[in-house]
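Residue-level structure breakdown
So the chains spell out like this:
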2 protein chains.
Amino acid sequence: MSAAAATRRGVPEASVARLPGYLRALTALAADGTLSVSSEELASAAGVSSAMLRKDLSHLGSYGVRGVGYDVDRLSSEIAAALGLTQDWPVAIVGMGNLGRALAAYRGFAERGFRVIALLDRDERVVGEVVAGTRVRSTADLPALVEDDGLAIGVIATPPEGAQEACDELVDAGVRSVLNFAPVVLSVPDEVVVRKVDLSTELQILAFHGQRLAVAEAVAP
Amino acid sequence: MSAAAATRRGVPEASVARLPGYLRALTALAADGTLSVSSEELASAAGVSSAMLRKDLSHLGSYGVRGVGYDVDRLSSEIAAALGLTQDWPVAIVGMGNLGRALAAYRGFAERGFRVIALLDRDERVVGEVVAGTRVRSTADLPALVEDDGLAIGVIATPPEGAQEACDELVDAGVRSVLNFAPVVLSVPDEVVVRKVDLSTELQILAFHGQRLAVAEAVAP
DNA sequence: CACTGTGAATACCTTCACAGCA
DNA sequence: TGCTGTGAAGGTATTCACAGTG
């Protein structure tokens, strides 16, 4: 079964979310010169159980060798293909506040093959400024970016008030994948995929666990 | 049943992760002067189904009124209490690179009641620098921060190579909650809770969905 | 009477345990 | 023999649908 076929049949969302972790672990192994790896070793490097790793990989196809393990390069390619990383996914960052500027300067995008092709802001006073070596453009340029440069992913780093508007502009221009850093619920058509990164939500979840621990200790110190 | 009792019995992790969203929606409603809200309205504001909202809230206790809805203030308090937000959770950010500086300048922490009490770096050349109005301190100060200032949450914003070391220093000093921005799997003792925020993982998941969409359109345009 | 709270049904995810193969 | 790939079992999360109630 090809990766594309597996994709059409549907890899469970939970598996998809772990594939990047496997890919990262494989990249580290390849850098160390490791050629072959068992599910046990790879799972431990990625922080999951070996059974889960094997089940996840089985959704992509069977790329392992019984009694031996997985070829590091081969498996890397297959996972990259399943994730769609063989093509490029031009990214635009919308909102040049603190967070937007930090994201613009962040090297992690390029390292994993995502090209940031535009920095955008709706405020005309910010447009034209140079951030991380790139001139900030107007959100009005979005349709052209999609049309001419194949813009595929929009990162929303605006304040909460401007997030829905930024999102609408992205969607109207034809962007179908959005990474949202603003602490709001975005409404989008069904075909658009939104993922959310929210720092204060994460801290609140940590607070919950911190409290739970404190309560447990008070009961049984 | 009190919130503390519910906590001990265990609120499902998936529910906990949604509570911050409910709290945010309730805060917005309160700011609008809304006094009472139905599960339908609140769920829609938080981007979930009403059945899921009611099930989630049922894990905390029954704070609604049948035939009417929920009192906005009351429910806010109960959720805040369940999340442990009635006490404060001092935060330290470790790693003053691009991301660390952006996080230091980010106002979202303070707005949701998390006080950033220290900015840390292990590099002596960075220590002493002033970032976002605060003097950067050495990670060697960690034990004192926990002891004297009740430091409870550590945010790791170091490069990947330094993340495990930063984590170990936090844990050794007594921090039990860690928010990790570095793209590595951290190993910690059982009692420490780690949550991960990884931008390139999120982009890779978006790439997967973008590709899936493209394949679907090629098959049935 | 409208809305909550919840058992029952369903869907999804993870773990187990072993058959099957190099 | 040693490891993968996978059915079956066990858990967890979500949705349904309605009894219960202010």
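None of these values were measured; they are calculated from a predicted model.

What counts as what
- Residues numbered from 1 in each chain as written.
- Chains lettered and ligands numbered in written order.
- Predicted model: local features only at pLDDT ≥ 70, side-chain atom pairs only at ≥ 80, totals over all residues.
- Heavy atoms only, no water.
- Contact = heavy atoms within 4.5 Å.
- Buried area = accessible area lost by both parts, 1.4 Å probe.
- Salt bridge = Lys/Arg side-chain N within 4 Å of Asp/Glu carboxyl O.
- Core = buried A, V, L, I, M, F, W, Y, C linked by side-chain atoms within 4.5 Å.
- Buried < 20%, exposed > 50% of the residue type's maximum accessible area, 1.4 Å probe, protein only.
- Helix = DSSP H or I, 4+ residues; strand = E, 2+ residues; numbered from the N terminus.
- UniProt positions renumbered as here; feature names shortened; annotations may be inferred.
- Pairing = 2+ DSSP bridges.

Remarks on the interface of chain A and chain B
With 61 residues of chain A in contact, the opposing surface of chain B contributes 61 residues. Buried area between chain A and chain B, both sides added, is near 5,800 Å², and the carbon and sulfur share of it is 69%. For chain A, the biggest contributors to the area lost against chain B are A:Leu203, A:Gln204 and A:Leu206; these three give 12% of the whole. At the boundary of chain A and chain B, one finds four salt bridges. A salt bridge links A:Arg24 to B:Asp198; its shortest N-O distance comes to 2.6 Å.

Things to note about the nonpolar core
Counting residues in each nonpolar core, the largest one holds 48 residues, and the members touching the most others are A:Ile93 and B:Ile93. Among the elements of the structure, strand E4 (91-94), helix H6 (98-105), strand E9 (153-156) and helix H10 (199-219) of chain A together with strand E4 (91-94), helix H6 (98-105), strand E9 (153-156) and helix H10 (199-219) of chain B are those that each provide at least two residues to this core. Sequence-distant contacts of A:Ile93, defined by excluding residues within four places in its chain, comprise A:Gly100, A:Leu103, A:Ala104, A:Phe109, A:Val116, A:Ala118, A:Leu119, A:Leu120, A:Val155 and A:Ala157.

Focus on the UniProt feature "DNA-binding region" (unreviewed entry) in chain A
Per the UniProt record, "DNA-binding region" (unreviewed entry) is annotated on residues 21-60 of chain A. Summarising residues 21-60 of chain A: 70% helix, 5% strand, and an end-to-end C-alpha distance of 15 Å.

Description of the pairing of E4(B)
All names here are of chain B. Residues Val 91 and Ile 93 line one face of E4 and the alternating positions Ala 92 and Val 94 line the opposite face, and both faces are buried. Relative to strand E5 (residues 116-121), E4 is paired through four bridges, and the arrangement is parallel. What sits directly across from Ala 92, in E5, is Ala 118. Of the pairings in the sheet, the one linking E4 to E9 comprises four bridges and is parallel in character. Each residue of the ladder has a partner; that of Ala 92, found in E9, is Gly 154.

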